Amino acid sequence: MPMADESVHESCAVFGIHGHDEAANLTYLGLYALQHRGQESSGIVASDGERVHSEIGMGHVADIFDEERLSKLGGHMAIGHNRYSTAGQSGITNAQPFLIDHSRGILALGHNGNLVNAARLRRELEEKGSIFRSTTDSEVILHLIARSSEEDTEHAIADALNHLEGAFTLTMMTRDLLIGVRDPHGFRPLVLGKIANNRGEPAWVMASETCALDLIEAEFEREILPGEMLIVDENGPRSIFPFPPSQPKQCIFEFIYFARPDSHIFGDDVYSVRRELGVQLARENPVDADMVIPVPDSGLAVATGYAAESGLPMEMGLVRNHYVGRTFIEPQNAIRNFGVKVKLNPMRSFLEGKRVVVVDDSIVRGTTSLKIVDMIRQAGAIKVHMRISSPPITSPCYYGIDMPTHDELIASSNSIEEIRAHLLTDSLAYLSLEGLMKCVAPREGDFCTSCFNGIYPVPVEFKDAQLPLFRELRTSEHRA
Ligand code: AMP
């Protein structure tokens, strides 16, 4: 078994704002709304056009920032970043946004996504004398910008970006510019919003998802396009497209699991897509049962669609405790399914003697699902069917979703029947890839589905079995 710290991941949230006197406070709120995209560390860098200040910490947004810390972050511009919680060790040196002072001045950067050629770029840069402070792929971007022979920052950034391969949604800030970038395939989302400042003038906001705009009452303008670099200065936003044209390959798993259901990304409302996945799942895989039970929160939207299409009632057979911390002290007398039980409690009075369809969005390792099924049986259900609103995850994500390697993905080496036997369900069915794509048609070709079919739109310079350079980088990161 590979160690957990060998998994490939860098799911994060980015945020940026230009032209608002409360830039840091609004960034704090934006990061708060985007907490689901990363819980390991958070940071804000703010500027008043002269001074630049950075506050970064480990943990959740609300725990890191208090009034005192926010009051240090003066100015009309800010960027913020949430980093995803991962297995293994992590350190403050890897927390973002990064802030450097180079020959062209101050530059801050927040990155969401994974670069697939980072290890090679890093080695080349180190051979030329670059000294790295962190062990993240993101720092490579700063070194490339610093070394570019282009004169002004804007062109140096565009030049540097053309060396990158993989997934990168970025927010960057110089002393006076806010810059947002989506890689040519647009793997990760980035949206643009507008909010009036204290003088009634427009301030511009960039965020991973629209739920961040909603909280600060910014108006959704549009999505930043795959391959677009949006530059905001005192005259407002303007765009350049620094990359050769590419086919968009937006991450389908953002729709399935990662994004918040109340966000609008990739041209759709996430909740509508998830509900539609449930409808399609019910059409493909009906089952004779008494009720639909969503796995909260990941299966809620899907179960709504499944129940509507199947005509079965949907009941809260599992109730979630929303205040679960990361670690628990387990009593010495081991409690069955403890890890899941602290989070989910089955409702015996509803489940007893019932035939239930448990609906969730995905199965990764199968460990949580196994415990959920057992818990529901223990609570008295007589039949437990499971329906999953995505195809089996057979291949790891190299573009920024936190997923384990092949060896740990239950569907990479087991058939659906084998998984059913492992989970001890009466039946198990997944949504087909065709059915999934129907729900995002007519833009089917614009999505990356590599986790379901192993077709990687950007060739990866490593495979998990080959002890890649990338892995060395990652492993040292977690041990840092
Ligand atoms: P398991 O049965 O252990 O594979 O866990 C399945 C649960 O993990 C489902 O409820 C999914 O919503 C959830 N899940 C899917 N992708 C991820 C991810 N990248 N990180 C954490 N949980 C996930």
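Use the structure listed above.
Residues numbered from 1 in each chain as written. Predicted model: local features only at pLDDT ≥ 70, side-chain atom pairs only at ≥ 80, totals over all residues. Heavy atoms only, no water.

### A closer look at the packing of helix α4 (residues 118–127) against helix α5 (residues 138–147)
- Between α4 and α5, whose axes approach to 10 Å, the crossing angle comes to 45°. With respect to each other, α4 and α5 are oriented oblique. In this structure, α4 crosses over α5, and the sense of that crossing is left-handed. Only Val140, His143, Leu144 and Arg147 of α5 make contact with α4, whose side of the interface consists of Ala118, Leu121, Arg122 and Leu125. (Axes fitted to C-alpha atoms, helices over the stretch in contact; angles between N-to-C directions. Helix = DSSP H or I, 4+ residues; strand = E, 2+ residues; numbered from the N terminus. Parallel < 35°, antiparallel > 145°, perpendicular 65-115°, else oblique. Left-handed = near helix turned anticlockwise from the far one by under 90°. Contact = heavy atoms within 4.5 Å.)

### Some details on the site of the ligand
- Around the ligand, the surrounding shell holds 16 residues, and the nearest of these are Asp360, Asp361, Val364, Ser369 and Asp402.
- Here aspartate 361 contributes a side-chain N or O atom positioned 2.4 Å from an oxygen atom of the ligand.
- The backbone of arginine 365 places a nitrogen or oxygen atom 2.8 Å from an oxygen atom of the ligand.
- When isolated, the ligand has an accessible area of 500 Å², and the protein chains bury 84% of it.
- Going through the elements one at a time, α8 (252–258) and α13 (367–378) are the ones with two or more residues in the shell around the ligand. (Near = heavy atom within 4 Å. Polar contact = N/O pair within 3.5 Å; in protein donor to acceptor, adjacent residues only side chain to side chain. Areas by Shrake-Rupley, 256 points an atom, 1.4 Å probe, with all protein chains shown as cover.)

### Considering the nonpolar core
- Residues Ile252, Phe253, Phe255 and Tyr399 are the most contacted members of the largest nonpolar core, which totals 47 residues.
- Every element with two or more residues in this core is listed here: α8, α9 (270–284), α10 (300–310), β20 (355–360), α16 (433–438), β23 (447–448) and α17 (450–453).
- Once you skip the residues sitting within four places of it in the chain, tyrosine 399 turns out to touch Gly113, Asn114, Val116, Ala167, Phe187, Arg188, Cys448, Ser450, Tyr456, Pro457, Val458 and Val460. (Core = buried A, V, L, I, M, F, W, Y, C linked by side-chain atoms within 4.5 Å. Buried < 20%, exposed > 50% of the residue type's maximum accessible area, 1.4 Å probe, protein only.)

### Some points on the sheet that holds strand β17 (residues 291–294)
- The strand order β17-β20-β21-β22 describes an open sheet built from 4 strands, whose pairing is parallel. Either end of the sheet is taken by a strand with one partner, and the two such strands are β17 and β22 (427–430). Going from strand to strand, the sheet's axes swing by 25° on average, the running direction of each strand aside.
- Inspection of the sheet shows β20 paired to strand β21 (residues 383–388) by 6 bridges, in the parallel sense. From the neighbouring strand, aspartate 360 faces β21, where its bridge partner is isoleucine 388.
- Packed on one face of the sheet, α10 meets β17, β20 and β21 and runs near 170° to β17.
- Its contacts with the sheet put helix α15 (residues 416–423) on β21 and β22, and the angle it makes with β22 is roughly 135°. (Pairing = 2+ DSSP bridges.)

### Structural notes on the environment of methionine 375
- Its place among the elements puts methionine 375 in helix α13.
- Look at methionine 375 and you get buried, because its relative accessible area is 2%.
- In this structure, methionine 375 is in contact with Leu318, Asn337, Val340, Lys341, Leu344 and Pro346, ignoring residues within four places of it in sequence.

### Some words on α9
- End to end, α9 covers 21 Å across 15 residues, agreeing with the expected 21 Å (1.5 Å per residue, within 8%).
- Looking only at α9, the buried set comprises Val270, Val273, Arg274, Leu277, Gly278, Val279, Gln280, Leu281 and Ala282. (Expected span 1.5 Å × (residues − 1).)

### Notes on α4
- Every buried residue of α4 is accounted for by Ala118, Ala119, Leu121, Arg122 and Leu125. Considered in projection along α4, the buried side chains sweep an arc of 160° and stay on one side of the axis.
- Looking one or two residues past α4, glycine 129 carries a phi angle of roughly 110°, positive in sign. (Arc of directions from axis to C-beta.)

### What to know about a nonpolar patch on the surface
- On the surface, Leu29, Tyr32 and Leu215 cluster together into a nonpolar patch covering about 260 Å² of accessible area.
- With respect to the helices and strands, the residue tyrosine 32 is situated in helix α1 (residues 23–33).
- Of the residues examined, tyrosine 32 reaches a relative accessible area of 46% and is grouped as partly exposed. (Patch = residues over 30% accessible without salt bridge, like charges linked within 9 Å, V, L, I, M, F, W, Y side chains within 5 Å. Salt bridge = Lys/Arg side-chain N within 4 Å of Asp/Glu carboxyl O.)

### Regarding empty space enclosed by the protein
- In this structure the tally under the stated criterion is 1 cavity of 30 Å³ or more.
- Taken as a whole, the largest cavity holds about 60 Å³ of empty space.
- Lining the largest cavity, in full, are Arg188, Cys251, Ile252, Phe253, Cys397, Tyr399, Ile401, Cys448, Thr449, Ser450 and Cys451.
- Partitioned by chemical class, the residues of the lining of the largest cavity number 8 nonpolar, 2 polar and 1 charged. (1 Å grid on protein atoms, 1.4 Å probe; cavity = no way out; pocket = protein on both sides within 12 Å on 5 of 7 lines; lining within 4 Å. Points joined across faces, edges and corners; volume = space filled by probe spheres on them. Nonpolar A, V, L, I, M, F, W, Y, C, P; charged D, E, K, R; others polar.)

### What to know about the side chain of arginine 188
- Along the chain, arginine 188 falls in the loop between β8 (178–182) and β9 (191–196).
- For arginine 188, a relative accessible area of 1% corresponds to the buried category.
- Here glutamate 254 takes part through its side chain, which lies 2.8 Å from a polar atom of the side chain of arginine 188.
- A distance of 3.1 Å separates the side chain of arginine 188 from the backbone oxygen of tyrosine 399, its partner in a polar contact.
- With sequence-adjacent residues up to four places away left out, arginine 188 is seen in contact with Arg37, Asn112, Gly113, Thr169, Arg182, Cys251, Glu254, Phe266, Cys397, Tyr399, Gly400 and Ile401.

### Quick notes on the pattern of salt bridges
- On inspection of all chains with the given rule, the structure shows 25 salt bridges.
- Of the charged contacts in the structure, one is a salt bridge between arginine 37 and glutamate 209, with a shortest N-O distance of 2.7 Å. Note that arginine 37 is positioned in the loop between α1 and β2 (41–47) and glutamate 209 in the loop between β10 (202–207) and α7 (210–215), a separation of 172 residues in sequence. Here the two residues arginine 37 and glutamate 209 agree in accessibility, since each one is buried.
- Close ionic contact of glutamate 126 with arginine 122 constitutes a salt bridge, the shortest N to O distance being 3.3 Å. Pair noted here: glutamate 126 and arginine 122 are both in helix α4, with a separation of 4 residues, about one helical turn.
- Classification of glutamate 126 by relative accessible area gives partly exposed; the value is 38%.
- Arginine 122 sits in the buried class, given a relative accessible area of 12%.
- Linked by salt bridges that have partners in common, Arg37, Arg188, Glu209 and Glu254 make up one network.

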